[in-house]
Amino acid sequence: MEMLYLWRLAGIAAIAAVLFGIMYNVLWNQFTLKPLWNILIGSILSIAGGMGMVWLFSIEMFASIRAWWPGMLLLSVILHMVAFYFYARANSKKSAEELNKILK
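Note that the structure is a prediction, hence the values are computed from the model and not measured. Each chain carries its own residue numbering, running from 1 in the direction its sequence is written. Per-residue local features of the predicted model are confined to residues with pLDDT of at least 70, and side-chain atom pairs are confined, for both listing and counting, to 80 or more; whole-chain, interface and lining totals are unaffected and use all residues. The side-chain values count all of the structure's non-hydrogen atoms but skip hydrogen atoms and water molecules.

Caption draft 1: Representation of the packing of aromatic side chains in the model. Note on ring pairs: Phe, Tyr and Trp rings are taken, using the six-membered ring of Trp, and paired if centres are within 6.5 Å. Classes follow the plane angle, with under 30 degrees stacked, over 60 edge-to-face and the rest tilted. This structure, assessed with the given rule, holds three aromatic pairs. Look at Phe20 and Tyr24: their rings are 5.8 Å apart centre to centre, the planes differ by 15 degrees, and that puts the pair in the stacked class. One end of the pair, Phe20, and the other, Tyr24, are both in helix α1 (residues 3-30), four residues apart, so they sit about a helical turn from each other. Burial classification: accessible surface area is computed with a 1.4 Å probe over protein chains only, and a residue below 20% of its type maximum counts as buried, one above 50% as exposed, and the rest as partly exposed. Of the residues examined, Tyr24 reaches a relative accessible area of 17% and is grouped as buried. Helix and strand assignments follow DSSP, with helices taken as H or I runs no shorter than four residues and strands as E runs no shorter than two, numbered in order from the N terminus.

Caption draft 2: Representation of the side chain of Ser43. With respect to the secondary-structure elements, Ser43 resides in helix α2 (residues 35-57). Polar side-chain contacts of Ser43 include one of 3.4 Å to the backbone oxygen of Ser76. Note on definitions: a residue-residue contact is assigned when non-hydrogen atoms from the two residues lie within 4.5 Å. Excluding its chain neighbours within four sequence positions, the residues that come into contact with Ser43 are Leu73, Ser76, Val77 and His80. Identification of polar contacts relies on pairs of N or O atoms within 3.5 Å, with a donor-acceptor requirement for protein atoms, meaning one able to donate a hydrogen and the other able to accept it, and with residues adjacent in sequence counted only if both atoms are side-chain atoms.

Caption draft 3: Structural view of the environment of Met53. Turning to its location among the elements, Met53 is positioned in helix α2. Taking the C-alpha atoms as reference points, Met53 and Leu40, 13 residues apart in sequence, are found 20 Å from one another. For Met53, the residues in contact, after removing those within four places along its chain, are Ile12, Ile15, Ala16 and Leu19.

Caption draft 4: Broad picture of the side chain of His80. Topologically, His80 is positioned in helix α4 (residues 69-103). On the basis of relative accessibility, which here comes to 13%, the residue His80 falls in the buried class. Those residues in contact with His80, other than ones at most four positions away along the chain, are Tyr24, Ile39, Gly42, Ser43 and Ser46.

Caption draft 5: Here's a closer look at the packing of α1 against α2. Relative orientation of the contacting elements α1 and α2 amounts to 175 degrees, with a least axis distance of 9 Å. Here α2 runs roughly antiparallel to α1, going by the angle between their axes. Between α1 and α2, the contacting residues are Arg8, Gly11, Ile12, Ile15, Ala16, Leu19, Met23, Tyr24, Leu27 and Trp28 on the first element and Asn38, Ile39, Ile41, Gly42, Leu45, Ser46, Gly49, Gly50, Gly52, Met53, Leu56 and Phe57 on the second. Its residues placed into classes, the contact of α1 with α2 shows 14 nonpolar, seven polar and one charged. Note on geometry: axes are C-alpha line fits, over the in-contact stretch for helices, and angles between N-to-C directions span 0 to 180 degrees. Angular relationships are summarised with four words: roughly parallel below 35 degrees, roughly antiparallel beyond 145, roughly perpendicular across 65 to 115, and oblique for the angles in between. Side-chain classes are defined by residue name, with Ala, Val, Leu, Ile, Met, Phe, Trp, Tyr, Cys and Pro counting as nonpolar, Asp, Glu, Lys and Arg as charged, and the others, Gly among them, as polar.

Listed below in structure tokens is the structure:
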């Protein structure tokens, strides 16, 4: 096993850790931006991180999917919107239940 391969695996793991372990947590729980900005930032960084991971995995694969990034970005924005509205509804329901418990 070559060292370059291991470094690339470490790079893929680091990108995934930053995206899913830090970026999404900070974006949705710490920032006070409007939901549209959170959706756009999350989508752009997610696609950029995914493309970076594919590039680290295989430059040939990256070259074959590079032309599809606008469609991937559009799909990512749509899916982030759907996920946000389901998350917001579940979070507001949870908050309402907690407030009702406090009032009783």
